[in-house]
Structure formats: structure tokens, C-alpha cells
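So the chains spell out like this:
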Amino acid sequence: MVKGFRFPMDYVLYDLSYANLILLGATLPSYNSEKSKTSGNISDQEVIRADDPKNKQKVKDFFKSVH
């Protein structure tokens, strides 16, 4: 967080809320090597592009399944 956003260490440790820390951390890029992509379960997941109108029903079904 300190390196990615150039925040002071004291700000991250004492002033940044946990919710904002999680949200900001989710926006940082991750650099996975080919080795970790094939062994991790991220490659096993289906990616649904929610901005594509053709996937509207898939998005609705996904939200129904996690509720």
C-alpha cells in the first residue's frame, strides 16, 4: 500500500480504515507468472464480463447463486 500508492507509512498504519485498505488493495495489479497461473485456481474460474449485454442473464444467475 505504501509503495503502490506512495502513502506515508503512518497514514496506512493509523489513519486508513480497514475497508478502504481492502478496496485500495483490490485495485493494485498482481503479477502472476505462468507457473502460478497454471497451478492456482484462478485459471479454473469462469470470467463473466458484466459490461457485455450478452452476459446479462449470467450475471443475474451469479448474483442469485451467491445470495
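This one's a predicted model, so the numbers in the text were calculated from it and none came from an experiment.

Colleague: Help me get a handle on the overall build of the protein, residues and values and all.
Modeller: Counting secondary structure elements, the protein contains five helices and zero strands. Residues classed as buried in the protein amount to 6% of the 67 residues present. When the accessible surface of the protein is summed, it comes to about 6400 Å², and 57% of that surface belongs to carbon and sulfur atoms.

Colleague: Tell me about unusual backbone geometry, and name the residues and values.
Modeller: Positive phi, normally seen in glycine, also occurs at Arg6, with a value near 55 degrees. You can see Arg6 is positioned in the loop between α1 (2-5) and α2 (9-15).

Colleague: Give a detailed account of the packing of aromatic side chains, specifying residues and quantitative values.
Modeller: For the structure on display, the rule yields three aromatic pairs. Note on Phe5 and Phe7: the rings are 5.5 Å apart at their centroids and 20 degrees apart in plane angle, and the pair reads as stacked. With centroids separated by 5.3 Å and ring planes inclined at 75 degrees, the aromatic side chains of Phe7 and Tyr11 adopt a geometry described as edge-to-face. Classification of Phe7 by relative accessible area gives partly exposed; the value is 23%. Put simply, the rings of Phe5, Phe7 and Tyr11 touch in pairs and so form one group of aromatic residues.

Cut-offs and rules
Starting afresh in each chain, residues are numbered from 1 along the sequence in its written order. Where totals are concerned, whole chains, interfaces and linings use all residues; where local detail is concerned, this predicted model gives features only for residues with pLDDT of at least 70, and gives and counts side-chain atom pairs only at 80 or more. To get the side-chain values, take all heavy atoms of the structure and skip hydrogens and water. Runs of H or I in DSSP of at least four residues are treated as helices and runs of E of at least two as strands, each being numbered from the N terminus. Here the term buried applies to any residue with accessible area under 20% of the maximum for its type, exposed to any over 50%, and partly exposed to those in between, with areas from a 1.4 Å probe on protein chains only. Under the convention used here, a 1.4 Å probe and the Shrake-Rupley method define accessible areas, while residue burial counts only the protein chains that appear. Pairing of aromatic rings covers Phe, Tyr and Trp, the last through its six-membered ring, and needs centres within 6.5 Å; plane angles under 30 degrees mean stacked, over 60 mean edge-to-face, and all others mean tilted.

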